[in-house]
Protein chains: 2
Amino acid sequence: MKIIVDAMGGDNAPEEIVKGALEAVREENIEVILAGRGEDILRSIEKMGLKELPRGVEIVNASEVIAMDEDPLNAVRNKKDSSLTVALNLLRDGRGDALVSAGSTGAIVSGATFVVKRVRGIRRAALAPLIPNTAEGFILIDCGAYAECKPEYLLQFAFMGSYYAEDMLKIESPRIGLLNNGTEPSKGTPLQLEAYKLLEKAGEDGDINFVGNVEARGAMLDECDVLVCDGFSGNVFLKSAEGMASFILTELAKIFTKNIATLISGLIVKKQLRKMRARLDSDKIGGTMLLGISKPVIKAHGSSNATAIANAIRAAVTATEADTAARLQMNIDRMKIDDADDKADENT
Amino acid sequence: MKIIVDAMGGDNAPEEIVKGALEAVREENIEVILAGRGEDILRSIEKMGLKELPRGVEIVNASEVIAMDEDPLNAVRNKKDSSLTVALNLLRDGRGDALVSAGSTGAIVSGATFVVKRVRGIRRAALAPLIPNTAEGFILIDCGAYAECKPEYLLQFAFMGSYYAEDMLKIESPRIGLLNNGTEPSKGTPLQLEAYKLLEKAGEDGDINFVGNVEARGAMLDECDVLVCDGFSGNVFLKSAEGMASFILTELAKIFTKNIATLISGLIVKKQLRKMRARLDSDKIGGTMLLGISKPVIKAHGSSNATAIANAIRAAVTATEADTAARLQMNIDRMKIDDADDKADENT
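The rules behind each value
All chains use their own residue numbering, which begins from 1 and follows the written sequence. Just so you know, chain letters begin at A and ligand numbers begin at 1, following the order they were written in. Residues qualify for local features only when their pLDDT is at least 70, as the model is predicted, and side-chain atom pairs are given and counted only at 80 or more; totals for whole chains, interfaces and linings, by contrast, use all residues. Side-chain figures throughout are based on the complete set of non-hydrogen atoms in the structure, without hydrogens or water. Every helix listed is a DSSP run of H or I at least four residues long, and every strand listed is a run of E at least two residues long, numbered separately from the N terminus. Based on C-alpha atoms, the radius of gyration is set beside the globule rule, defined as 2.2 Å times the residue count to the power 0.38. A simple rule labels every residue: compare its accessible area, found with a 1.4 Å probe on the protein chains alone, to the largest value its type can have, and call it buried under 20%, exposed over 50%, or partly exposed in between. Note on definitions: a residue-residue contact is assigned when non-hydrogen atoms from the two residues lie within 4.5 Å. Here the accessible surface of atoms and residues is derived via Shrake-Rupley with a 1.4 Å probe, and residues count as covered only by protein chains that are part of the display. Counting rule applied: Lys, Arg positive; Asp, Glu negative; His and chain ends not counted. For the purpose of locating charges, the reference atoms are NZ of Lys, CZ of Arg, CG of Asp and CD of Glu. A pairing counts as a salt bridge when a side-chain nitrogen of Lys or Arg comes within 4 Å of a carboxyl oxygen of Asp or Glu. Note that Gly is not counted as nonpolar here; it falls among the polar residues with everything else outside the nonpolar set of Ala, Val, Leu, Ile, Met, Phe, Trp, Tyr, Cys and Pro and the charged set of Asp, Glu, Lys and Arg. Here the copies are matched by least squares. The fit uses the C-alpha atoms of residues with pLDDT of at least 70 in both. To get an axis, a line is fitted to the C-alpha atoms, and for a helix only the part in contact is used. The angle between two axes follows their N-to-C directions and goes from 0 to 180 degrees. Each angle gets one of four labels, with under 35 degrees taken as roughly parallel, over 145 as roughly antiparallel, 65 to 115 as roughly perpendicular, and the rest as oblique. Each crossing gets its hand from how the near helix is turned against the far one by less than a right angle, where anticlockwise is left-handed and clockwise is right-handed. Buried Ala, Val, Leu, Ile, Met, Phe, Trp, Tyr and Cys residues form a nonpolar core when they are joined through side-chain atoms within 4.5 Å. A pair of strands is considered paired only if DSSP assigns at least 2 bridges between the two. The path from the first strand over the helix to the second decides the hand: if it runs clockwise while the strands point away from the viewer, the crossover is right-handed. Grid points spaced at 1 Å and placed over the protein atoms alone form the basis of the search, with a cavity being a set where a 1.4 Å probe fits but cannot get out and a pocket an open set showing protein on both sides within 12 Å along at least five of seven lines. Lining residues have an atom within 4 Å of a point. Grid points are joined across faces, edges and corners, and a volume is the space filled by probe spheres set on the points. What the arc measures is the spread of directions leading from the helix axis to the C-beta atoms. Note on aromatic contacts: the rings of Phe and Tyr and the six-membered ring of Trp form a pair at centre separations within 6.5 Å, being stacked when their planes are under 30 degrees apart, edge-to-face when over 60 apart, and tilted otherwise. Two conditions define a charge located above a ring, namely a distance within 6 Å from the ring centre to NZ of Lys or CZ of Arg, and an angle within 35 degrees of the ring normal. Disulfides are defined as cysteine sulfur pairs within 2.5 Å.

Draft legend 1. View of the overall build of chain A. Of regular secondary structure, chain A possesses 16 helices and 12 strands. Scaling as 2.2 N^0.38, a compact globule of 348 residues should have a C-alpha radius of gyration of about 20 Å, and chain A matches this with 21 Å. Principal-axis analysis of the C-alpha atoms gives chain A an extent of 65 × 60 × 35 Å. When burial is assessed residue by residue, chain A has 57% of its 348 residues classed as buried. A separation of at least 24 residues holds for 73% of the contacts in chain A among residues at least 6 apart in sequence. In the form shown here, chain A has an accessible surface area of approximately 14100 Å², with 49% of it arising from carbon and sulfur atoms. When the 42 basic and 51 acidic side-chain charges of chain A are each reduced to a single mean position, those positions are 5 Å apart.

Draft legend 2. Highlighting the interface of chain B and chain A. Each side of the interface is counted separately: chain B has 47 residues, and chain A has 47 residues. Between chain B and chain A we count six salt bridges in total. Residue A:Glu242 pairs with B:Arg217 through a salt bridge whose shortest N-O separation is 3.7 Å. Of all the elements in the fold, those that place two or more residues in the side of chain B that touches chain A are α7 (190-204), α8 (216-220), α9 (231-256), α10 (260-268) and α11 (270-280) of chain B. Looking at the side of chain B that touches chain A, its residues break down into 24 nonpolar, 15 polar and eight charged.

Draft legend 3. Representation of the relation of the copies chain B and chain A. Superposition of chain B onto chain A requires a rotation of 180° combined with a translation of 0.0 Å along the rotation axis, giving an RMSD of 0.0 Å. This pairing of chains is accounted for by a two-fold axis. Of the residues that chain B buries at the interface, 100% are likewise interface residues in chain A, meaning the two copies contact each other through the same surface.

Draft legend 4. Seen up close, the packing of helix α1 (residues 15-27) of chain A against helix α2 (residues 38-47) of chain A. All names here are of chain A. Between α1 and α2, whose axes approach to 9 Å, the crossing angle comes to 65°. Considered as vectors, α1 and α2 are oriented roughly perpendicular to each other. Crossing geometry of α1 relative to α2 is assigned as right-handed. Across the interface between the two elements, Glu15, Val18 and Leu22 from α1 touch Ile41, Ser44, Ile45 and Lys47 from α2. A per-class count over the contact of α1 with α2 returns four nonpolar, one polar and two charged.

Draft legend 5. Up close: the pattern of salt bridges. Residues and elements named next belong to chain A. This structure, assessed with the given rule, holds 42 salt bridges over all chains. With a shortest N-O distance of 2.9 Å, Asp93 and Arg92 are connected by a salt bridge. Ionic pairing is found between Arg327 and Asp167, a salt bridge with its closest N-O pair at 2.8 Å. Within this pair, whereas Arg327 is found in helix α14 (residues 324-330), its partner Asp167 is found in helix α6 (residues 151-169), the two being separated by 160 residues in sequence. Owing to a relative accessible area of 23%, Arg327 belongs among the partly exposed residues under this scheme. Among the ionic contacts, a cluster of salt bridges with common partners joins Glu23, Glu27, Glu28 and Arg314.

Draft legend 6. The nonpolar core, seen in detail. In this structure, A:Phe237, A:Leu252, B:Phe237 and B:Leu252 are the most contacted members of the largest nonpolar core, which totals 115 residues. If we skip the residues at most four places from it in the chain, A:Leu252 touches A:Leu273, A:Met276, B:Leu252, B:Leu273 and B:Met276.

Draft legend 7. Layout of the sheet that holds strand β7 (residues 138-141) of chain A. Residue and element names in this part refer to chain A. Sheet architecture is open: five strands sit in the order β6-β7-β10-β8-β9, paired in mixed fashion. One side of each edge strand has no neighbouring strand; the edge strands of this open sheet are β6 (130-131) and β9 (209-214). This element, helix α7 (residues 190-204), spans β8 (175-179) and β9 of the sheet and lies at about 155° to β9.

Draft legend 8. Structural view of the pairing of strand β2 (residues 31-36) of chain A. Residue and element names in this part refer to chain A. β2 sits mainly inside the fold: five of its six residues count as buried. Direction of pairing for strand β1 (residues 2-6) relative to β2: parallel, over a ladder of five bridges. Residue Val5 lies in a different strand from β2, and its bridge partner there is Leu34. In this structure, β2 lies alongside strand β3 (residues 57-61), joined through five bridges in parallel fashion. Paired with Val32 across the strands is Val57, a residue of β3. Between the parallel pair β2 and β3, the chain is carried across by α2, and the sense of this crossover is right-handed.

Draft legend 9. Structural context of the sheet that holds strand β3 (residues 57-61) of chain B. Residue and element names in this part refer to chain B. If you trace the seven strands from one edge of the open sheet to the other, you get β3-β2-β1-β4-β12-β11-β5, paired in mixed fashion. In this open sheet, the two strands that pair with only one neighbour each are β3 and β5 (126-128). Neighbouring strand axes in the sheet, compared pairwise and without regard to direction, differ in orientation by 25° on average. Pairing analysis gives two bridges linking strand β11 (residues 288-291) to strand β12 (residues 297-299), with the strands arranged antiparallel.

Draft legend 10. Seen up close, the side chain of B:Thr288. Here B:Thr288 is to be found in strand β11. Apart from residues lying up to four places away in sequence, B:Thr288 is in contact with B:Leu127, B:Ala128, B:Pro129, B:Val297, B:Ile298 and B:Lys299.

Draft legend 11. Broad picture of empty space enclosed by the protein. Residue and element names in this part refer to chain A. What the rule picks out here adds up to two cavities of 30 Å³ or more. Its volume calculated, the largest cavity comes out at about 70 Å³. Put simply, the parts of the chain that give the lining of the largest cavity at least two residues each are β11 (288-291) and α14. Among the residues making up the lining of the largest cavity, the classes are represented as eight nonpolar, two polar and two charged.

Draft legend 12. Region of interest: the layout of surface pockets. Reported here for the second largest pocket is a volume of approximately 1500 Å³. Around the second largest pocket sit 44 residues that line it, and A:Thr105, A:Gly106, A:Gly144, B:Asn181 and B:Lys187 are the ones nearest its centre. Counting residues per element, the lining of the second largest pocket draws most heavily on helix α5 (residues 105-116) of chain A, which supplies five residues. A per-class count over the lining of the second largest pocket returns 12 nonpolar, 18 polar and 14 charged.

Draft legend 13. Broad picture of α11(B). Residue and element names in this part refer to chain B. Among the residues making up α11, those that are buried are Gln272, Leu273, Met276 and Leu280. Viewed along the axis of α11, the buried residues span an arc of 100°, placing them on a single side of the element. Exposed residues on α11 whose side chains face more than 90 degrees from its buried face are Lys271, Arg274 and Lys275.

Draft legend 14. Representation of the packing of aromatic side chains. Residue and element names in this part refer to chain B. Per the stated rule, a full pass over the model turns up six aromatic pairs over all chains. With a centroid separation of 5.8 Å and an interplanar angle of 90°, the aromatic rings of Phe138 and Phe237 are classed as edge-to-face. Placement of the pair is Phe138 in strand β7 (residues 138-141) and Phe237 in helix α9, with a sequence separation of 99 residues. Positioned above the aromatic ring of Phe114, the side-chain terminus of Lys117 is 5.8 Å from the ring centre. Positioned over the ring face of Tyr146 is Arg124, at 5.0 Å from the centre of the ring.

Draft legend 15. Fine view of the environment of A:Phe256. In this fold, A:Phe256 is placed in helix α9 (residues 231-256). In sequence terms A:Phe256 and A:Tyr163 are 93 residues apart; their C-alpha atoms lie 43 Å from each other.

Draft legend 16. Representation of the state of the cysteines within the structure. All names here are of chain A. This model, assessed by the stated rule, comprises zero disulfides over all chains. Cys143 carries a free sulfur, and the closest cysteine sulfur to it, the one in Cys229, is 8.1 Å from it. Free cysteine Cys149: the closest other cysteine sulfur is in Cys229, separated by 8.1 Å. Classification of Cys149 by relative accessible area gives buried; the value is 17%.

See the structure below:
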């Protein structure tokens, strides 16, 4: 298996990206293609004390880099020699099985849609991170690929999330919840009201295991395996949870450094606290799957270090084996949206 | 000053509500009216070991109770002798200065709008809790009074939040942020894009101190004093943060009860942890202000105990003194929306 890595994407590119990729090659039975500025990549490899390119590592040169604040679609279209665009072209052309990038989310979403294309019949790709909760975590879909949504997109997200949870998390008949501001079917804006009906019908048809509306708090307390929402709400959900976690961890650090007694107290539970912290940082662990694209694309966290990149590459391997895209294609008739408005924006 | 208390609202009604009200009367220089089933209230007072109604405490009988799952507006309209409806009528008729209820949020919002009425020119009332963050906290407005919003409502929320932060939190020129999925002005759905323009203009006119788009995470890290959003997003924000806090606190409890060493560690920091936990439960401390209503209405947490109710009554006292409603009325021309659609739903 060969994983394509955008070597120039992310805050710690290219050094940590290259280091992570080499770690994955060393530990897993895979090859990687590093797309990016050849000399920068080689310098990173030299810095690691290596004299030559290790076996299983290939470099494909790309002279440009897409910055985090560039207009996503324009960047991909205009910077044809950017590391991301080159990587996407390699994926489209079958030079590798999956792609990992820690670059700009917007550019990855737009680029993957524009270059690699969505599964035929899928109207919107969606970011589907695993969010830690009191159980094994749940899939949040969409967490911000597109801010705006139609009820039909939410139905497709439910299917995508359901297949993904089965394939990747090995959950049988995953519980699908609709993010809402209350559990009664009458809750929400017209988007949720309409989506509820579509999801309910899919549940009755036996296509998904719809458990109804779920509040944000409920998802954290294991009321569903997949939480379906528009990208705006998903972003608010994720960032609010992250912000609260960050706030509490800061407060805890203050408590434990208050005096000698509390320092000792902190030392006793240090290992467990570190474990908890790692669990909360799950987005940094495995990267986030971009579902609905015809081939596996994994968005690694912008601040990814080598370990995070190696883990994202492992996730890409699992995603390639799971091949959720093929499953989506096979079941597309159940998920198809027949909407004239949407025909126009096929693959935009 | 006289505060009207819905004695039958909330999970712990009437006992804890009555107890909290009596505590407030004892400690503050105020009177209360308890609206609810007379005999139940008297029994609660007896249980506290009191032989007669304390000075400053009055009971107004109301035979019915609105359940948490009833349709809000119908409940208020049809159950004319419910504790909440009776309390709202007392407030409208000037029998008291402010109202505290731990009952159903929907019923309080609908009831206050229907009976007490909004400030003339305000299109939607909004729930404005103080959310704890790395600094002194920030006002989230709206956190769920109405799921759906127009850009103009968000502008009014910004004004209301700004005055409230000045009056209640004593913050000069409060920093107003618009909740969005990124900080660039181009971010969000059409709602945020339009609202951004309105808020920017109000900022340029010197009416509010608009600091731009703020991400959910940023608000937790003190990037604004008032975070403006539609009720749906506000609800997701609040419940996600609550869920994450609850998750982490549960994990912490597990860590500290793991073995004797960690138990000791936990004992050392017990007091500080309790303080942190209390800070995170801020909604249980002071209740949530319903802004935009012509008189002060405070929604106490559904699970409020006596202390929480006493604190909500104290918040009602402060709100009465601050009289944000008068300030809204005085400045209504700056905030007025001239929209034919909206004329129809004045006070619905």
